[in-house]
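The lines below spell out each chain.
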Amino acid sequence: FDHLGVFTFSARPGTRAADELGDPVSQEIKELRAEALHDLQEAVSLDRHDRLVGTQDDVLVDAVSARGAVARGRRFCPDVDGVVEVSLPEGHGWLPGDFRRGTYTAAGPYDLFAEPVTEK
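Here we summarise the structure given alongside this text.

Conventions and cut-offs
Residues numbered from 1 in each chain as written. Predicted model: local features only at pLDDT ≥ 70, side-chain atom pairs only at ≥ 80, totals over all residues. Heavy atoms only, no water. Helix = DSSP H or I, 4+ residues; strand = E, 2+ residues; numbered from the N terminus. Buried < 20%, exposed > 50% of the residue type's maximum accessible area, 1.4 Å probe, protein only. Contact = heavy atoms within 4.5 Å. 1 Å grid on protein atoms, 1.4 Å probe; cavity = no way out; pocket = protein on both sides within 12 Å on 5 of 7 lines; lining within 4 Å. Points joined across faces, edges and corners; volume = space filled by probe spheres on them. Nonpolar A, V, L, I, M, F, W, Y, C, P; charged D, E, K, R; others polar. Expected span 1.5 Å × (residues − 1). Pairing = 2+ DSSP bridges.

1. Section: the environment of Ala11
Within the fold, Ala11 resides in the segment before helix H1 (16–21). Owing to a relative accessible area of 23%, Ala11 belongs among the partly exposed residues under this scheme. When the C-alpha positions of Ala11 and Pro24 are compared, they lie 9.7 Å apart, and in sequence the two are 13 residues distant. When neighbours within four sequence positions are excluded, Ala11 is seen to be in contact with Ala18, Gly22 and Asp23.

Below, the structure written as C-alpha cells:
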C-alpha cells in the first residue's frame, strides 16, 4: 500500500460481531500486531518515497511561511497523509491554493521534501 492507517479492533456493544464473536484477543496482542504492521508499512512507504527523490511533480500549496511551504502531492490526502515540505527562496511568490512544480530532494516515511522548479 502507498498509505495505510493501522488501528486496533474494539468490539462495539450491540453489534452482531460483538454479540457473536466477543473480543477474544488481548489488548497487548492487538497492540503488538498493530505495531508490527505499522513498522512494516513504514518501511514500504519510505522505499516508495525514496524512489521519488530526483523527480518532479505538481504540488498543491496549503500554507506558506517566509522560508517554505507545506504542500500536498497527488498521492496525499489532506489531514491523513503526509505533506511535501518545500524550501523556498526569498521573494518566492507562492500562495496557498497555488499549484506549483517541485523537485523531490529527500524522503521520509510520511513526508517528502522538495525545492521549487525554477520557471524559465
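2. What to know about the layout of surface pockets
Space inside the largest pocket adds up to approximately 200 Å³. If you trace the largest pocket, you find 13 residues lining it, with His3, Leu4, Ser45, Pro109 and Tyr110 closest to the centre. For the lining of the largest pocket, the residue count by class is four nonpolar, six polar and three charged.

3. Description of unusual backbone geometry
Despite not being glycine, Asp79 has its phi angle at roughly 70°, a positive value. One can find Asp79 in the loop between strand S2 (68–72) and strand S3 (84–87). Asp79 gets classed as exposed once you look at its relative accessible area, which sits at 83%.

4. Topic: helix H2 (residues 27–50)
The terminal C-alpha atoms of H2, which comprises 24 residues, lie 34 Å apart, in line with the 34 Å expected from a rise of 1.5 Å per residue. Those residues of H2 that sit buried are Lys30, Ala34, Gln41, Ser45 and His49. Elements in contact with the buried residues of H2: strand S4 (99–107) and strand S5 (112–116).

5. Observations regarding the pairing of strand S1 (residues 56–64)
Sheet topology places S1 next to S4; five bridges connect them, and they run antiparallel. Paired with Asp58 across the bridge in S4 is Arg101. The pairing of S1 with S2 spans four bridges and is classified as antiparallel. Within the sheet, the bridge partner assigned to Val64 lies in S2 and is Ala69. Linking S1 back to S2 in an antiparallel pair, the connection comprises three residues.

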